[in-house]
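This is what each chain is made of:
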Amino acid sequence: MQMNFSKPELIHKILDMYGITYKHLLPPTRGYRNESWPLRLESGKMLNLMLYKSESDALKKINLANDVASHLLPFMPVRTLYDKRIVQMRSGTYIKFAALQMYLPGNTIMWDAYTMEHIKLLGMAMANMHRQLSLHKRVNGSVDTHVELLQTLDKIEQYFSSAQVLQVVEGKLYISMYQLSCYIDIIKKVLISTGKLSGQHMLHMDFVRSNVLFSESPKLHISGIIDLEKTSYGHPSFDLARTTAFLIVDCKYKTEEQVRKYFIRSGYNKRGKQKIKSHYITLRNNRIYVLDILIDFFLLHDFYKFLRHNPYESLCMNEHYVRTRDKLTERGILGHIKAGRA
């Protein structure tokens with residue numbers, strides 16, 4: 001289908017292809033990879049029309065996400081297809097896709113509104129998700145998590161090896177990157193080591209606030225898990241570290257120790273009954289806890305994305321950036337230049 005339409009016309013055209021008539025089209029929720037348009041049918045039933053952004057291997061990612069969701073659906077509330085057909089749209093050289101999915105109730109939590117119970121529920125849900133995914137075979141076409149993350153680390157290394165980038169980071173943000181090259185070498189070894197551990201299975205790899213829906217009736221619970229387009233095959237430590245790094249920054253009123261206690265020890269290990277083993281590797285005669293280094297990596301990745309996608313001059317006004325920067329500075333990964341503080 002050619003995309004020679006305005007956005008409302010495009011929505012109507014796609015729904016016509018599905019044979020869907022609706023009573024109300026609600027405002028969309030826009031994510032990094034997609035737009036979600038909720039719609040209410042005459043019967044009162046709710047659906048979601050997903051419009052995916054144009055990117056390489058988009059259809060492959062959509063199909064992988066749907067395959068993983070189908071494994072999880074009998075056991076937890078995940079967003080799945082209402083209609084198995086995927087609509088393909090073309091505009092010049094760009095190809096985009098749309099899918100009609102089931103609607104899940106609930107809302108994402110505000111970033112400064114986490115309670116202890118929210119964090120424990122996240123840990124328990126991830127444990128339940130991992131338990132179910134460990135019972136299924138690897139989904140065809142899935143990539144190895146550690147390989148994908150090594151490619152990401154290469155991009156980070158290349159970015160910060162630029163003399164121009166380093167000059168601007170030091171001059172405008174007052175951050176020294178002199179220790180980073182050594183630390184990147186450690187991260188590489190940990191990623192490779194974790195990729196060789198036993199117990200690999202499909203992972204969510206984007207189990208963060210924007211992709212988890214909460215409801216409060218009859219009591220607080222997770223009512224939806226969405227956006228599995230980053231799913232890949234790897235050790236559960238990767239999933240745990242990604243979400244822990246996100247929570248450390250997001251939970252502004254919780255200490256890092258509280259986040260780890262509620263999410264991993266109380267939520268994942270105790271409530272979810274899916275204990276994660278403590279894996280260590282030895283580097284330069286030092287015993288390194290794998291999960292700690294993986295958390296550092298995801299914090300570094302988020303820091304890198306802040307710099308890549310935002311004007312440097314506005315970063316100091318972004319509280320998420322400031323908290324990420326400060327966490328990396330506390331860990332000794334970033335250095336602080338005393339001449340100023342952005």
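Structure: above.
Residues numbered from 1 in each chain as written. Predicted model: local features only at pLDDT ≥ 70, side-chain atom pairs only at ≥ 80, totals over all residues. Heavy atoms only, no water.

(A) Representation of the layout of surface pockets within the structure. Taken as a whole, the second largest pocket encloses approximately 230 Å³ of empty space. Considering the residues around the second largest pocket, the lining is formed by 13 residues, among which Gly199, His235, Pro236, Lys275 and Ile276 are closest to the centre. (1 Å grid on protein atoms, 1.4 Å probe; cavity = no way out; pocket = protein on both sides within 12 Å on 5 of 7 lines; lining within 4 Å. Points joined across faces, edges and corners; volume = space filled by probe spheres on them.)

(B) Looking closely at helix α3 (residues 116-133). Taking 1.5 Å as the rise per residue, α3 with 18 residues should run 26 Å; its terminal C-alpha atoms sit 26 Å apart, in good agreement. With 13 of its 18 residues buried, α3 lies for the most part within the structure. (Helix = DSSP H or I, 4+ residues; strand = E, 2+ residues; numbered from the N terminus. Expected span 1.5 Å × (residues − 1). Buried < 20%, exposed > 50% of the residue type's maximum accessible area, 1.4 Å probe, protein only.)

(C) Examining unusual backbone geometry more closely. Look at the link from Ser217 to Pro218: it is a cis peptide, with omega at 0 degrees. Its place among the elements puts Pro218 in the loop between β9 (212-215) and β10 (221-225). Its identity as a non-glycine residue notwithstanding, Tyr174 has a phi of 60 degrees, on the positive side. Secondary-structure assignment places Tyr174 in the loop between α5 (163-173) and β7 (175-176).

(D) Structural view of empty space enclosed by the protein. Enumeration according to the criterion identifies 5 cavities of 30 Å³ or more in this entry. Of the pockets and cavities examined, the largest cavity occupies roughly 70 Å³. In terms of lining, the largest cavity is formed by Met50, Tyr52, Ala65, Asn66, Arg79, Gln101, Ile225, Ile226, Asp227, Leu228 and Glu229. Listing elements by their share of the lining of the largest cavity, those giving two or more residues are β4 (46-52) and α2 (58-72). A per-class count over the lining of the largest cavity returns 6 nonpolar, 2 polar and 3 charged. (Nonpolar A, V, L, I, M, F, W, Y, C, P; charged D, E, K, R; others polar.)

(E) A look at the packing of α3 against helix α8 (residues 256-271). Where α3 contacts α8, the axes come no closer than 7 Å and their chain directions differ by 45 degrees. Here α3 is positioned oblique relative to α8, judged by the angle of their axes. Handedness of the crossing formed by α3 with α8: right-handed. In this structure, α3 contributes Met116, Glu117, Ile119, Lys120, Leu121, Leu122, Gly123, Met124, Met126, Ala127 and His130 to the contact, and α8 contributes Val259, Tyr262, Phe263, Ser266, Gly267, Tyr268 and Arg271. Broken down by class, the residue content of the contact of α3 with α8 amounts to 11 nonpolar, 4 polar and 3 charged. (Axes fitted to C-alpha atoms, helices over the stretch in contact; angles between N-to-C directions. Parallel < 35°, antiparallel > 145°, perpendicular 65-115°, else oblique. Left-handed = near helix turned anticlockwise from the far one by under 90°. Contact = heavy atoms within 4.5 Å.)

(F) Quick look at the nonpolar core. Ranked by size, the top nonpolar core spans 84 residues in total, and within it Leu122, Phe160, Phe303, Leu307 and Tyr321 carry the most contacts. The element that contributes the greatest number of residues to this core is helix α9 (residues 290-309), accounting for 13 residues. With residues near it in sequence (within four places) discarded, Leu307 still touches Tyr159, Phe160, Val169, Leu173, Tyr312, Leu315 and Tyr321. In terms of nonpolar packing, the next biggest core, distinct from the first, is built from 16 residues, Leu10, Trp37, Met89 and Leu100 among them. (Core = buried A, V, L, I, M, F, W, Y, C linked by side-chain atoms within 4.5 Å.)

(G) Just the side chain of Asp83, in detail. Relative to the assigned elements, Asp83 resides in strand β5 (residues 81-91). For Asp83, the side chain forms a polar contact with the side chain of Arg85, separated by 2.8 Å. Residue contacts for Asp83: discarding those within four places in its chain leaves Tyr18 and Leu100. (Polar contact = N/O pair within 3.5 Å; in protein donor to acceptor, adjacent residues only side chain to side chain.)

(H) Up close: the packing of helix α7 (residues 236-250) against α8. As a packed pair, α7 and α8 sit with axes 10 Å apart at the nearest point and diverge in direction by 140 degrees. Between α7 and α8, the angle falls in the class oblique. Along this stretch, α7 crosses α8, giving a crossing that reads as right-handed. Note on element contacts: α8 touches α7 through Glu256, Val259, Arg260, Phe263, Ile264 and Tyr268, opposite Pro236, Leu240, Thr243, Thr244, Leu247 and Ile248. Its residues assigned to classes, the contact of α7 with α8 comprises 8 nonpolar, 2 polar and 2 charged.

(I) A look at the pairing of β4. The element β4 is largely enclosed, with a buried count of 7 among its 7 residues. The side-chain alternation of β4 yields two buried faces, one formed by Met46, Asn48, Met50 and Tyr52 and the other by Leu47, Leu49 and Leu51. Strand direction decides the pairing type here: strand β3 (residues 34-40) and β4, joined by 7 bridges, are antiparallel. Paired with Pro38 across the bridge in β4 is Asn48. Between the antiparallel neighbours β3 and β4 lie 5 residues, among them Gly44 with a positive phi of about 95 degrees. In terms of strand pairing, β4 meets strand β6 (residues 94-102) through 6 bridges, oriented antiparallel. Note that in β6 the partner of Leu49 across the bridge is Leu100. (Pairing = 2+ DSSP bridges.)

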